[in-house]
Amino acid sequence: MTSAYRLVFVSCLAIANLFVYAQDPTIGRVAERVATSIKAGAHFQLFEPFTLEVGNASLVKAVREEVRAGTLLELRTDVVAELLTAAPEHLSMRIPVEGGFVQLDLVRVNILAPGFVAMKTSSTMPVTLPQALHYRGIISGDAHSLVAISVFTNGIMGIIGDDTGDRVLGGLKGGEDTHIFYAERDLVAANNAHCFTQE
């Protein structure tokens, strides 16, 4: 992309969430776990961390260089802060799209092994990991879908898969709190997921 905006597909921890998710032999029972939680009376608190981004023609033009179609979203940082503080075991998350929204039913997971410590490659000094929550679940009402979502202080990232293919949720580097929700098939060119750090 020639402008200051760049797609940020997934962060390192989000990649870990998705990798563990793909390797989990019980992944076919995610929908069952959600259904069991609902049946048991678990409260899936509703969070709506995004609003539709409107009126930014230059941003839309820049994004279209990499993605043919997608929904631009503005992150509600107050809702993200509330979510990170509450750290609910179960939640419903709504992602707005033109004409409605996609609702996700999610269960919190721990993607790091007990006692895990991240170390700098150049030394033996431990690295403080960013505050984050990781969830897996389904699109509400679709037992054949699969979802992995990671929530950080500065953004929400994940993949939502169903019979139509995979959709990606992630931030725009240089776009402050702006995110994008798009189908992988709409990428103009193939992109590799990469880790990033805040500058």
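What you see is a predicted model; the values in this text were computed from it and never measured.

S.K.: Teacher, can you tell me more about the environment of E184 here?
M.R.: As for its placement among the helices and strands, E184 is situated in the segment after β13 (178–183). The class of E184 is partly exposed, set by a relative accessible area of 38%. As for E184 and G70, which are separated by 114 residues in sequence, their C-alpha atoms are 9.8 Å apart. Discounting residues that sit within four places of it in the chain, E184 has contacts with D166 and V168.

S.K.: Where do I start with the side chain of S92 in this structure?
M.R.: When you line up the elements, S92 lands in strand β5 (residues 90–97). For S92, a relative accessible area of 5% puts it in the buried group. Non-local contacts of S92, meaning those with residues more than four positions away in its chain, are made with F44, Q45, L46, F47, Q103, L104 and D105.

S.K.: Looking at this structure, how should I read the pairing of strand β9 (residues 132–139)?
M.R.: The side chains of a regular strand alternate, residue by residue, between the two faces of the sheet. In terms of burial, β9 is a largely internal element, seven of the eight residues being buried. Between β9 and strand β10 (residues 146–152), which pair antiparallel in sequence order, lie six residues; one of them, G141, sits at a positive phi of approximately 85°.

Reading the values: rules and limits
Numbering of residues starts from 1 in every chain and runs along the sequence as written. Only residues with pLDDT of at least 70 get local features here, since the model is predicted, and only at 80 or more are side-chain atom pairs given and counted; chain-wide, interface and lining totals rely on the full set of residues. Side-chain metrics rest on all non-hydrogen atoms present in the structure, leaving aside hydrogens and water. Secondary structure elements follow DSSP: runs of H or I no shorter than four residues count as helices, runs of E no shorter than two count as strands, and numbering proceeds from the N terminus. For every residue, the accessible area obtained with a 1.4 Å probe (protein chains only) is divided by the maximum for its type, and the residue is called buried under 20%, exposed over 50%, and partly exposed between those limits. Should any heavy atoms of two residues lie within 4.5 Å, those residues are considered in contact. DSSP calls a pair of strands paired once it identifies at least 2 bridges connecting them.

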